[in-house]
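So the chains spell out like this:
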Amino acid sequence: MDRLEFLRDKADNIWYQHTLKTDLGNSLDSILNFKELLRKLKAIERDLRLIQKKNSSNREYIKSYFSLLSKRMEICAFLINEFQDRDEVDGVKYDKLIQEMKNRQDEFLAIRRQKMQRR
């Protein structure tokens, strides 16, 4: 597994671990959890940017994953702000962000499948 795939797997695993363990009923724990998640995702993003500069053959793949990663970070920031401002989340906006993330994830998976088929 190359470094790009390793970082992508790591980011995906971190995302799922943090989002599955979060109890959205406890705002302080949620804020701390999403701040930690955001910090970890930003660190992975920095590493991916270094790979992007060196790797021109996977530009579309990396760009698509950055799009997904940035939406995940946007969701984290949104939830942090929501829990800091009040004890409940704007469900309509949250659902919209989640749907946008799912769309980006579908786009990324389609590009990834194309990449795998070319091998």
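Please refer to the structure placed before this passage.
Residues numbered from 1 in each chain as written. Predicted model: local features only at pLDDT ≥ 70, side-chain atom pairs only at ≥ 80, totals over all residues. Heavy atoms only, no water.

**Examining the nonpolar core**
Item 1. Counting residues in hydrophobic clusters, the biggest one holds 31 residues, and the most contacted among them are Leu 41 and Leu 48.
Item 2. Mapped by element, the contributors of at least two residues to this core are helix 1 (3–21), helix 2 (27–54), helix 3 (59–85) and helix 4 (91–118).
Item 3. The element best represented in this core is helix 3, accounting for 13 residues. (Core = buried A, V, L, I, M, F, W, Y, C linked by side-chain atoms within 4.5 Å. Buried < 20%, exposed > 50% of the residue type's maximum accessible area, 1.4 Å probe, protein only. Helix = DSSP H or I, 4+ residues; strand = E, 2+ residues; numbered from the N terminus.)

**What about the environment of Leu 79?**
Item 1. Mapped onto the secondary structure, Leu 79 falls in helix 3.
Item 2. Leu 79 gets classed as buried once you look at its relative accessible area, which sits at 2%.
Item 3. Distance from Leu 79 to Ile 31, taken between C-alpha atoms, is 7.5 Å for residues 48 residues apart in sequence.
Item 4. If we ignore the near neighbours within four places in the chain, the residues touching Leu 79 are Phe 34, Val 89 and Tyr 94. (Contact = heavy atoms within 4.5 Å.)

**Quick look at the packing of helix 2 against helix 3**
Item 1. Two numbers describe how helix 2 lies on helix 3: the axes approach to 9 Å, and their chain directions differ by 160 degrees. Our classification of the angle between helix 2 and helix 3 gives roughly antiparallel. Helix-helix and strand crossings are classified by hand; for helix 2 and helix 3 the assignment is left-handed.
Item 2. Of the residues in the contact of helix 2 with helix 3, the class split is 16 nonpolar, four polar and six charged. (Axes fitted to C-alpha atoms, helices over the stretch in contact; angles between N-to-C directions. Parallel < 35°, antiparallel > 145°, perpendicular 65-115°, else oblique. Left-handed = near helix turned anticlockwise from the far one by under 90°. Nonpolar A, V, L, I, M, F, W, Y, C, P; charged D, E, K, R; others polar.)

**Points about the packing of aromatic side chains**
Item 1. Tallying each qualifying case throughout the model produces two aromatic pairs.
Item 2. Pairwise contacts between aromatic rings join Tyr 61, Tyr 65 and Phe 108 into one cluster.
Item 3. The residue whose ring lies beneath Arg 49 is Phe 66, and the NZ or CZ to ring-centre distance is 4.0 Å. (Phe/Tyr/Trp six-rings, centres within 6.5 Å; stacked < 30°, edge-to-face > 60°. Lys NZ or Arg CZ within 6 Å of the ring centre and 35° of its normal.)

**Observations concerning the packing of helix 3 against helix 4**
Item 1. Contact geometry of helix 3 with helix 4 gives a least axis separation of 9 Å together with a crossing angle of 160 degrees. The pairing of helix 3 with helix 4 is recorded here as roughly antiparallel in orientation. Handedness of the helix 3/helix 4 crossing: left-handed.

**Focus: the side chain of Ser 64**
Item 1. Turning to its location among the elements, Ser 64 is positioned in helix 3.
Item 2. Here the side chain of Ser 64 touches Phe 108 through a polar contact of 3.5 Å, landing on its backbone nitrogen.
Item 3. With residues up to four places along the chain from it excluded, the contact list for Ser 64 reads Glu 107, Phe 108 and Ile 111. (Polar contact = N/O pair within 3.5 Å; in protein donor to acceptor, adjacent residues only side chain to side chain.)

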